Amino acid sequence: MSNAPIDLTGKVAVVTGSGRGLGLAYATALAKAGAAVVVNDLDEAVAEQAAKTINEAGGRAVAEAVAVGTTEAAERLVARAVEAFGRLDILVTNAGILRDKVLWKMSDEDFDAVIGVHLKGTFTLARAAAVQLRAQGEGGSLILVGSPAGQRGNFGQTNYAAAKAGIAAFVRTWSMELGRAGITVNAIVPVAATAMTETIPAFAPYIEANRNGEPLPDFLRKGEGFGTPEDCAALIPFLASEAARDVTGQCVGIGGDKLALWSHPQEASVAYADGGWTPETIAATWHTSVGREPQSVGIPAPKLPEA
């Protein structure tokens, strides 16, 4: 196993939603590895401050404030990379919003807003990046941001879970379509202390304590795979590097001390009937054949130590 440092010198990245939180951690990690970064946020002041922080730490970054989702925004971000640094090599599609409600209370607007940013935003950005990367002819890396909600489903997140499940499907499809061009396509499935996870009552006190300088306990870092944004950011430079040239089409989980490879959907059990099935024969055999061990749904509840 080689411990040679990951070197992204000469590479250029666009990281959406990188003014704060996980996105800023991703942009910072790429800059520390030598890449120049286009920092993106909806808030221009936040984007400018993030870029300033990276530059003051010895990195190279410029800011581009635009709302992700449209073709125009995607092309603008790619153009900004080329204008500022001469090329594009890495895209990280981190930008996202939440509009959580149960199905019967979710409005069209709630649904469309989340799908527009997460799913369409990822599509338009990846398309614009793929055009640029293929024109350059030197390969590249698309790193899409998934979620456990997209892998497992999550109560109250119809829109978000659907978008993130779609992003996992993008990874599998685009890795095939872009492979001949030397472009890898993977998803990071992060679990970290953020404004989003702080709303989970079981995690809130530990996140607050961590903010005050206390380390997250082992039962979270190992048992739940739950840590800081910086823990998750370690995966980004790797996936963008030559060390991961043969890694594509994968959904990779990271959080705390845990690194994991998510499985692709596949048939869990099968049964056959000569001449085909009828509703009655399915009913007669369901519980003793393919339905004997139904698949579970949802993100498992945190296992907290007993008080």
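Summary of the structure given here. All figures in this text were calculated on a predicted structure; none of them were measured in a lab. (Residues numbered from 1 in each chain as written. Predicted model: local features only at pLDDT ≥ 70, side-chain atom pairs only at ≥ 80, totals over all residues. Heavy atoms only, no water.)

## Describing the pairing of strand S4 (residues 90–93)
Formally: Exposure categories follow from relative accessible area, calculated using a 1.4 Å probe and restricted to protein chains: below 20% of the type maximum is buried, above 50% is exposed, and the middle band is partly exposed. Runs of E in the DSSP output that reach at least two residues are strands. Runs of H or I that reach at least four are helices, and both are numbered from the N terminus. Two strands form a pair only when DSSP identifies at least two bridges running between them. Note on handedness: a clockwise path from strand one over the helix to strand two, with the strands aimed away from the viewer, defines a right-handed crossover.
Burial along S4 is two-sided: Ile90 and Val92 facing one way and Leu91 and Thr93 facing the other are all buried. The pairing of S4 with strand S5 (residues 140–145) spans 4 bridges and is classified as parallel. Across the sheet, Thr93 pairs through a bridge with Leu144, a residue of S5. After leaving S4, the chain enters helix H4 (residues 108–136) and then returns to the sheet as S5, a path that is right-handed.

## Description of the side chain of Asn186
We count it as follows: We call two N or O atoms a polar contact when they sit within 3.5 Å, provided that within protein one can donate a hydrogen and the other can accept it, with sequence-adjacent residues counted only if both atoms are side-chain atoms. Here a residue-residue contact requires only that any non-hydrogen atoms of the pair lie within 4.5 Å.
Structurally, Asn186 can be placed in strand S6 (residues 183–190). With a relative accessible area of 1%, Asn186 lands in the buried category. At a separation of 2.8 Å, a polar atom in the side chain of Asn186 contacts the main-chain carbonyl oxygen of Val247. Ignoring sequence-local partners within four residues, the contact set of Asn186 consists of Leu142, Ile143, Leu144, Val171, Leu239, Val247, Thr248, Gly249 and Gln250.

## Some remarks on the sheet that holds S6
Rules: Lines fitted to C-alpha atoms define the axes, with helix axes restricted to the stretch in contact, and inter-axis angles between N-to-C directions lie between 0 and 180 degrees.
Reading across the sheet, the 8 strands line up as S3-S2-S1-S4-S5-S6-S7-S8 and stay open at both edges, with mixed pairing between neighbours. If you trace the sheet from one side to the other, it starts and ends with strand S3 (60–65) and strand S8 (258–261), each paired once. Here the strands of the sheet are splayed against their neighbours by 20° on average, with no regard to which way each runs. Where S5 lies against S6, 6 bridges are found, and the strand directions are parallel. Bridge pairing in S6 links Ser141 to Thr184.

## Here's the deal with the packing of H4 against helix H6 (residues 158–178)
We count it as follows: Here roughly perpendicular refers to angles of 65 to 115 degrees, roughly parallel to angles under 35, roughly antiparallel to angles over 145, and oblique to all remaining angles. Here is the rule for handedness: rotate from the far helix to the near one, and if that takes an anticlockwise turn smaller than a right angle the crossing is left-handed, while a clockwise turn gives right-handed.
Where H4 contacts H6, the axes come no closer than 8 Å and their chain directions differ by 15°. With respect to H6, the element H4 is oriented roughly parallel. The handedness of the crossing between H4 and H6 comes out as right-handed. In this structure, H4 contributes Asp110, Phe111, Val114, Ile115, His118, Leu119, Thr122, Phe123, Ala126, Ala130 and Arg134 to the contact, and H6 contributes Thr158, Asn159, Tyr160, Ala163, Lys164, Gly166, Ile167, Phe170, Trp174 and Leu178.

## Focus: the side chain of Lys164
Within the secondary structure, Lys164 sits in helix H6. At 2.7 Å, the side chain of Lys164 and the backbone oxygen of Val145 are in polar contact. Setting aside residues no more than four positions away along its own chain, Lys164 makes contact with His118, Val145, Gly146, Ser147 and Gly150.

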